[in-house]
Amino acid sequence: MLMSDKEMRKVTEKLWAKNKYSVMAKGYEHYKHVSNVLKEAQSVEELYDIYVLIGESIRLPYTKKGMRTTLEHMWGYFKNRADKDEKREFFRSMNEILDGEGELSEEQIKLLKNPVTHLVNKYPSDYISQSHFIRGDVGWNVLFEGKDYVGITKEDYKKASESNL
């Protein structure tokens, strides 16, 4: 698929929107770094660097501090709609796991995501429900466009860069 610079920027911004909570959960410093690089990016080559940064960040392990920051950010989408019991359960389960000792296990990560999944099912938010953090079953570099899933690859950036020479 051949895209212009402008289209590649839009695609990269969509990839970032989809992945930013997954990156934030790996560490807020990674989230800030990608955000700042995206803000400054001018060329397709620089946009490709962001694509690479997102992919590398997704492969990092989750951190407790990053996960807490992410869950608190996501809570903001539901705080005016969720009831007191949902709020209490959200923060109880989060604190129970994140205040414990040691690294996060796969089971703990799943348990931390469950309350968000419950809330997004009860109080729909396309932005949250389409995030890689919630929809980890869909590749980090796959966007939902209309009724189709579109995989974005290094080749898309390469073609866009070559067409703009």
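Residues numbered from 1 in each chain as written. Predicted model: local features only at pLDDT ≥ 70, side-chain atom pairs only at ≥ 80, totals over all residues. Heavy atoms only, no water.

### Side note on the overall build of the protein
For clarity, the cut-off: Here a strand is any run of E in DSSP of at least two residues, a helix any run of H or I of at least four, and the numbering for each starts at the N terminus. Put simply, the radius of gyration uses C-alpha atoms, and a globule should come to 2.2 Å times the residue count raised to 0.38. Three exposure classes are used, based on accessible area relative to the maximum for each residue type with a 1.4 Å probe and protein chains only: buried under 20%, partly exposed in between, and exposed over 50%. Only heavy atoms matter for contacts: two residues are in contact if any of them lie within 4.5 Å across the pair. Computed with the Shrake-Rupley method and a 1.4 Å probe, the accessible areas treat only the protein chains shown as cover for residues. By the counting scheme adopted, Arg and Lys are positive, Glu and Asp are negative, and His together with the chain ends is not counted. The atom standing in for a charge is NZ when the residue is Lys, CZ when it is Arg, CG when it is Asp and CD when it is Glu.
A tally of helices and strands in the protein yields eight helices and two strands. The secondary structure elements of the protein, listed N-terminal to C-terminal, are α-α-α-α-α-α-α-β-β-α. Relative to its length of 165 residues, the protein is compact, with a C-alpha radius of gyration of 17 Å against a globular reference of 15 Å. The principal-axis extent of the C-alpha atoms belonging to the protein is close to 55 × 35 × 25 Å. A total of 165 residues make up the protein; the buried ones form 43% of that total. Within the protein, contacts between residues at least 6 apart in sequence are counted, and of these 71% link residues at least 24 apart. Surface accessibility of the protein: about 9500 Å² in total, with carbon and sulfur atoms responsible for 51%. One way to put it: in the protein the 27 positive side-chain charges average out to a point 4 Å from where the 27 negative ones average out.

### Concerning the packing of helix α4 (residues 64-75) against helix α6 (residues 106-122)
Test applied: Axis angles are defined between N-to-C directions and span 0 to 180 degrees, where every axis is a line fitted to C-alpha atoms and, for a helix, only to the segment in contact. For classification purposes, angles smaller than 35 degrees are called roughly parallel, those larger than 145 roughly antiparallel, those between 65 and 115 roughly perpendicular, and all remaining angles oblique. Polar here means any residue outside two lists: the nonpolar Ala, Val, Leu, Ile, Met, Phe, Trp, Tyr, Cys and Pro, and the charged Asp, Glu, Lys and Arg; Gly therefore counts as polar.
Two elements in contact, α4 and α6, have axes whose closest approach is 11 Å; the angle formed by their N-to-C orientations is 5°. As far as their axial angle goes, α6 and α4 are roughly parallel. For the pair formed by α4 and α6, the contact residues are M67, L71, M74 and W75 on the first element and I109, L112, V116 and L119 on the second. For the contact of α4 with α6, the residue count by class is eight nonpolar, no polar and no charged.

### Details of the packing of aromatic side chains
Selection criterion: Only Phe, Tyr and Trp rings take part, Trp by its six-membered ring, and two of them pair if their centres are within 6.5 Å. Stacked means planes under 30 degrees apart, edge-to-face means over 60, and tilted covers everything else. Distance and angle both matter: a charge sits over a ring if NZ of Lys or CZ of Arg is within 6 Å of the ring centre and within 35 degrees of the ring normal.
For the structure on display, the rule yields 13 aromatic pairs. By way of ring pairs, the aromatic residues Y48, Y51, W140 and Y157 are connected into one cluster. A cation sits over an aromatic face here: K20 above Y21, 5.7 Å from the ring centre. The ring of Y62 carries K26 above its face, with NZ or CZ at 4.2 Å from the centroid.

### Notes on the layout of surface pockets
The condition that has to hold: Method remark: on a 1 Å grid restricted to protein atoms, a set of points is classed as a cavity if a 1.4 Å probe fits but cannot get out and as a pocket if it is open with protein on both sides within 12 Å along at least five of seven lines; lining residues have an atom within 4 Å of a point. Grid points are joined across faces, edges and corners, and a volume is the space filled by probe spheres set on the points.
The volume enclosed by the largest pocket comes to roughly 300 Å³. What lines the largest pocket is a set of 14 residues, among which K18, Q130, S131, L143 and F144 lie closest to the centre. Listing elements by their share of the lining of the largest pocket, those giving two or more residues are α1 (5-24), α7 (126-129) and β1 (142-145). In this structure, the second largest pocket encloses a volume near 160 Å³. Around the second largest pocket, the lining residues are K26, I58, Y62, E106, I109, K110, K113, H132, F133, I134, G136 and D137. With four residues, the top contributor of residues to the lining of the second largest pocket is α6. For the lining of the second largest pocket, the residue count by class is five nonpolar, two polar and five charged.

### What to know about helix α3 (residues 44-58)
Quick note on the threshold: Expected helix span is given by 1.5 Å per residue-to-residue step, counting one fewer step than there are residues.
The terminal C-alpha atoms of α3 lie 21 Å apart, and with 15 residues this matches the ideal 21 Å at 1.5 Å per residue to within 8%. Every buried residue of α3 is accounted for by V44, L47, I50, Y51, L53, I54, G55, S57 and I58. Next to the buried residues of α3 lie α1, α2 (28-40) and α8 (154-163).

### With respect to α2
The cut-off we apply is this: Picture the helix axis, draw a direction to every C-beta atom, and the arc is the one those directions span.
Over its 13 residues, α2 extends 19 Å from the first C-alpha to the last, a length consistent with the 18 Å expected when each residue adds 1.5 Å. Listed as buried for α2 are Y31, V34, S35 and L38. Looking straight down α2, one finds that the buried residues subtend no more than 100° of arc, so they occupy a single side. Exposed residues pointing more than 90 degrees away from the buried face of α2 are listed as E29 and E40. If you follow the buried residues of α2, they end up packed against α1 and α3.

### Points about the environment of L71
If you trace the backbone, L71 turns up in helix α4. Sequence spacing of L71 and F90 is 19 residues, and the spatial spacing of their C-alpha atoms is 9.0 Å. When neighbours within four sequence positions are excluded, L71 is seen to be in contact with F90, M94, L98, L112, V116 and F133.

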